[in-house]
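Examining the three-dimensional arrangement
What follows is the residue order along each chain.
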Amino acid sequence: AVLTIKGNLASLFNDQERWDEAEKLQKDVLRTRIRILGRDHPDVSTAANNLANLYEDEQRFHDAEPLYLEAIRIRKKTLGDAHPD
């Protein structure tokens, strides 16, 4: 629950264009999910996607793209191509 709340707070900061604060929280959520769940867990995919969204909002497309690709890779590996996510 703490990681979910941190992610929600990061989204709020993102909406307020408080980019540095949002990035710090999103990176923490991603690192922690990787450490606890392993690199190939669907929740890691979500965290990578959320950080990519932040970068996209900042127009940091070169930072967003690899995170989006990683999120897709994890989803395909763990849930399969036919899963609605």
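Structure: see above.
Here's a quick rundown of the structure. (Residues numbered from 1 in each chain as written. Predicted model: local features only at pLDDT ≥ 70, side-chain atom pairs only at ≥ 80, totals over all residues. Heavy atoms only, no water.)

**A look at the packing of helix α1 (residues 2–15) against helix α2 (residues 19–37)**
For the pair α1 and α2, interaxial distance at closest approach is 8 Å and the crossing angle is 155°. With respect to each other, α1 and α2 are oriented roughly antiparallel. Read as a crossing pair, α1 and α2 show a hand that is left-handed. On α2, the residues touching L3, T4, K6, G7, L9, A10, S11, F13 and N14 of α1 are W19, E21, A22, L25, Q26, D28, V29, T32 and R33. Here the contact of α1 with α2 is composed, by residue class, of eight nonpolar, six polar and four charged. (Axes fitted to C-alpha atoms, helices over the stretch in contact; angles between N-to-C directions. Helix = DSSP H or I, 4+ residues; strand = E, 2+ residues; numbered from the N terminus. Parallel < 35°, antiparallel > 145°, perpendicular 65-115°, else oblique. Left-handed = near helix turned anticlockwise from the far one by under 90°. Contact = heavy atoms within 4.5 Å. Nonpolar A, V, L, I, M, F, W, Y, C, P; charged D, E, K, R; others polar.)

**Let's talk about the side chain of E23**
Relative to the assigned elements, E23 resides in helix α2. Only 2.7 Å separates the side chain of E23 from the side chain of Y55, close enough to count as a polar contact. Contact partners of E23, with chain neighbours within four places excluded, come to L51, L54, Y55 and R60. (Polar contact = N/O pair within 3.5 Å; in protein donor to acceptor, adjacent residues only side chain to side chain.)

**Section: the environment of T32**
Tracing the backbone shows T32 in helix α2. Measuring from C-alpha to C-alpha, the distance between T32 and Q16 comes to 24 Å, with 16 residues separating the pair along the chain.

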